Amino acid sequence: QVQVEESGGGLAQSGGSLRLSCVVSGSIFGLYDITWYRQAPGKQRELVASIGNRHETNVADSVKGRFGISRNNAENTVYLQMNSLKPEDTAVYSCKADVLSSWTVRKDYWGQGTQVTVSS
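Residues numbered from 1 in each chain as written. Predicted model: local features only at pLDDT ≥ 70, side-chain atom pairs only at ≥ 80, totals over all residues. Heavy atoms only, no water.

Chemist: Help me out: how do you make sense of the nonpolar core in this one?
Modeler: As a rule of thumb, soluble globular proteins bury nonpolar side chains together. Among the nonpolar cores identified, the biggest contains 31 residues, and Val24, Ile34, Trp36, Leu80, Met82 and Tyr93 are the most heavily contacted of them. Going through the elements one at a time, strand 1 (2-7), strand 3 (18-26), strand 4 (30-39), strand 5 (46-51), strand 7 (67-72), strand 8 (77-82), strand 9 (91-102) and strand 11 (114-119) are the ones with two or more residues in this core. At five residues, the largest contribution of residues to this core is made by strand 9. The contact partners of Leu80, leaving out residues within four places of it in the chain, are Leu18, Arg19, Leu20, Trp36, Val48, Ala49, Phe67, Gly68, Ile69 and Tyr93. (Core = buried A, V, L, I, M, F, W, Y, C linked by side-chain atoms within 4.5 Å. Buried < 20%, exposed > 50% of the residue type's maximum accessible area, 1.4 Å probe, protein only. Helix = DSSP H or I, 4+ residues; strand = E, 2+ residues; numbered from the N terminus. Contact = heavy atoms within 4.5 Å.)

Chemist: Quick question: what am I supposed to make of the sheet that holds strand 7 here?
Modeler: Backbone hydrogen bonds are what pair the strands of a sheet, in a parallel or an antiparallel way. Reading across the sheet, the four strands line up as 1-3-8-7 and stay open at both edges, with antiparallel pairing between neighbours. Every interior strand has two partners, whereas the edge strands, strand 1 and strand 7, have only one. Adjacent strand axes in the sheet meet at a mean angle of 15° when their direction is disregarded. Note: strand 3 against strand 8, six bridges, orientation antiparallel. In the strand pairing of strand 8, Ser21 is matched with Tyr79. (Pairing = 2+ DSSP bridges. Axes fitted to C-alpha atoms, helices over the stretch in contact; angles between N-to-C directions.)

Chemist: Any chance you could explain the packing of aromatic side chains here in plain terms?
Modeler: Aromatic ring pairs are reported here in terms of the distance separating the ring centres and the angle at which the planes meet. Per the counting criterion, the structure on display carries two aromatic pairs. Ring centres of Phe29 and Trp103 lie 4.6 Å apart, and the angle between their planes is 90°; this geometry places the pair in the edge-to-face category. Placement of Phe29 in the loop between strand 3 and strand 4 and of Trp103 in the loop between strand 9 and strand 10 (105-110) is noted, with a sequence separation of 74 residues between them. Using a relative accessible area of 37% as the deciding quantity, one classes Phe29 as partly exposed. (Phe/Tyr/Trp six-rings, centres within 6.5 Å; stacked < 30°, edge-to-face > 60°.)

Structural data, given as structure tokens:
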């Protein structure tokens, strides 16, 4: 069993900051790429940022320079630091973890999502 849980969402003002956490727990034989997505009402889900198990990072152009992604492998936790928030950042943010949950099973696991609302 693998659990993925996001936290840290909430309400922020334009220009403010939030830090999201994604904690992966359970049967973890290996933890590889972890990716943050977001989805606003009426819009497609989009990739925000990802990080590999060797700390390789990719950040979407729409948030580059404002958001940063990092991970703590010892705690199986990934962080999304969001600065200079804009109203268009409002969305449900979800975490997807690529997990080796046994020596023969590797698959993606999704968290339930956390709401981020940015007011103007």
